[in-house]
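Here is what each chain is made of, one letter per residue.
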Amino acid sequence: MSDPLATLAGFAEVTPGRLDRPFLGLHLESAVAALHDAGMAPDDIDGLLCVGSMMGESVEHTFLSEEIQDSLGLHNLSLQLGVQLGGGSHLAMLGVATRAIQSGQCSAVLCVSAGVFPPIRDVGRSLMTMTCHPDYELPYAPSIPTLYGLIAQSWLDETGQGREVFAEAVAAQQEWAVAHPTAIGAGAGPFTVAQVLEARHIAGPFGYLDCSIPCEGGGAFVLVSPERAAGLRHRPVHVVGIGEGHTHGFLTSMPDLSSTGAVRSGAKAFAEAGFGPADVDLAQLYDAFSSNPLMLIEELGLAERGKAVELYREGATRPGGRLPVNTNGGLLRFGHSGTASGICGVLEAYQQMTGRAAGIQVDRADRAVVHAYGSMLCSHVTVVLEGS
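Reading the values: the criteria
Residues numbered from 1 in each chain as written. Predicted model: local features only at pLDDT ≥ 70, side-chain atom pairs only at ≥ 80, totals over all residues. Heavy atoms only, no water. Buried < 20%, exposed > 50% of the residue type's maximum accessible area, 1.4 Å probe, protein only. Helix = DSSP H or I, 4+ residues; strand = E, 2+ residues; numbered from the N terminus. Pairing = 2+ DSSP bridges. Axes fitted to C-alpha atoms, helices over the stretch in contact; angles between N-to-C directions. Contact = heavy atoms within 4.5 Å. Salt bridge = Lys/Arg side-chain N within 4 Å of Asp/Glu carboxyl O. Parallel < 35°, antiparallel > 145°, perpendicular 65-115°, else oblique. Left-handed = near helix turned anticlockwise from the far one by under 90°. 1 Å grid on protein atoms, 1.4 Å probe; cavity = no way out; pocket = protein on both sides within 12 Å on 5 of 7 lines; lining within 4 Å. Points joined across faces, edges and corners; volume = space filled by probe spheres on them.

With reference to specific residues and values, describe the pairing of strand 11 (residues 379-387).
By the criterion of burial, strand 11 is predominantly enclosed, with nine of the nine residues buried. Judged by which residues are buried, strand 11 turns out to be covered on both faces: Ser379, Val381, Val383, Leu385 and Gly387 on one side and His380, Thr382, Val384 and Glu386 on the other are all buried. Pairing between strand 8 (residues 237-246) and strand 11: nine bridges, direction antiparallel. From the neighbouring strand, Val239 faces strand 11, where its bridge partner is Leu385. Of the pairings in the sheet, the one linking strand 10 (residues 367-374) to strand 11 comprises eight bridges and is antiparallel in character. Residue pairing for strand 11: Val369 is matched across the bridge by Val384.

Quick one: what's the story with the sheet that holds strand 2 (residues 47-50), residue by residue and with numbers?
The strand order 3-2-4-7-1-8-11-10-9 describes an open sheet built from nine strands, whose pairing is mixed. Bordering the open sheet on either side are strand 3 (79-82) and strand 9 (282-285), each of which pairs with just one other strand. The average angle at which neighbouring strand axes cross in this sheet is 20°, direction not considered. Taken strand by strand, helix 8 (residues 262-273) contacts strand 8, strand 10 and strand 11, and its axis lies near 150° from that of strand 8. Sheet strands touched by helix 12 (residues 343-353): strand 1 (6-17), strand 4 (108-115), strand 7 (216-224), strand 8, strand 9, strand 10 and strand 11. Its angle to strand 1, the strand with the most contacts, is close to 115°.

Which residues make up the pattern of salt bridges, and what are the values?
Per the counting criterion, the structure on display carries 11 salt bridges. One salt bridge in this structure joins Asp37 and Arg356, with 2.8 Å as the shortest N-O distance. One end of the pair, Asp37, is in helix 1 (residues 23-38); the other, Arg356, is in the loop between helix 12 and strand 10, and 319 residues separate them in sequence. Note on Arg356: relative accessible area 25%, which makes it partly exposed. The salt bridge partner of Glu386 is Arg367, with a shortest N-O separation of 3.0 Å. Here Glu386 is found in strand 11, whereas its partner Arg367 is found in strand 10, with 19 residues between them in sequence.

Break down the packing of helix 1 against helix 2 (residues 64-72) for me, citing the residues and quoting the values.
Axis separation between helix 1 and helix 2 bottoms out at 10 Å; the angle between their running directions is 55°. Here helix 2 runs oblique to helix 1, going by the angle between their axes. With respect to the hand of their crossing, helix 1 and helix 2 are arranged in right-handed fashion. Across the interface between the two elements, Phe23, Leu24, His27, Leu28, Ala31 and Val32 of helix 1 pack against Leu64, Glu67, Ile68, Ser71 and Leu72 of helix 2.

I'd love a proper account of empty space enclosed by the protein, names of residues and values included.
As enumerated under the stated definition, the model contains two cavities of 30 Å³ or more in all. Reported here for the largest cavity is a volume of approximately 120 Å³. If you trace the largest cavity, you find 18 residues lining it, with Leu285, Tyr286, Leu331, Cys344 and Gly345 closest to the centre. Only strand 9, helix 11 (330-333), helix 12 and strand 10 provide two or more residues apiece to the lining of the largest cavity.

Structure representation (structure tokens):
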């Protein structure tokens with residue numbers, strides 16, 4: 001057993017979909033439910049972290065953490081902070097909370113993020129303004145799929161593979177989603193690789209099913225010191241390793257389109273955990289597009305370069321396999337709630353590791369790796385978890 005840095009004590013998850021509920025209300029609902037799940041009251045919390053969404057919410061929620069604090073009656077805070085790294089915000093938030101617990105600044109931190117992913121036709125221009133370099137990218141009027149497509153195609157060229165390898169990931173994750181009661185993609189039924197490849201073309205190597213599903217969602221979790229973990233309602237799930245890797249701010253500054261900061265963040269997280277990629281039982285990987293799982297599996301050391309597809313083809317990543325990946329269906333099939341979606345990997349890993357999976361329960365879930373990133377594969381954060 002690795003030395004615990006901090007311990008997950010409870011969670012709540014917003015059912016993904018088109019919810020038509022107030023932005024603040026989604027956060028408060030999640031926070032209250034996570035506290036209840038942990039068996040804690042507002043006065044037990046001395047740290048609050050949140051992620052301000054960039055996806056369509058108005059400026060009135062600029063001071064979101066203060067709104068949450070007052071609404072919940074959190075009067076004993078030693079730490080209050082908003083974190084923004086796009087999809088990587090939630091693991092960065094977990095990292096900040098963990099280090100605050102390690103230092104003694106806090107002993108129980110509430111982390112919450114919920115939000116929306118409006119239709120691209122409504123926010124496309126503002127989304128590209130946030131994502132693209134104003135001089136070298138934005139004037140060419142790109143889209144998110146076309147930019148990701150450049151990265152994906154570079155990786156395919158580097159590994160000598162075709163887009164059918166991405167279809168393997170989609171088909172595998174749909175198998176998880178079909179059995180999940182709240183996954184948005186569940187109703188579509190199982191996919192074959194051929195069906196994924198036959199879907200209408202979107203951009204680059206991507207078809208319609210290679211793209212994640214925009215929705216509303218998010219959730220919350222409570223992180224406590226190992227000392228406070230005694231007597232928890234659920235199995236303690238410890239944070240044992242955290243790593244970050246930041247290589248660029250915009251796509252045109254990316255040193256190598258076929259390699260990302262996940263190499264660095266994963267190595268750091270596993271080094272701190274004291275065990276390696278071969279020792280994990282499941283992986284939750286941020287998959288805005290179908291290329292991501294394969295790239296990240298290799299960069300985190302779960303497979304050799306160009307060999308991730310073999311895990312999919314042998315069934316290792318599917319239900320009953322030796323390395324389950326994105327066990328709720330991932331962003332591709334569970335749902336992609338904009339900047340709030342990064343929290344879903346943590347929540348799914350925690351549910352699996354406490355034996356409370358809403359979908360298919362993994363038989364052995366003692367060690368997990370969770371990875372997310374922000375913007376155009378820029379800000380990478382890896383977290384390694386271990387149950388006791």
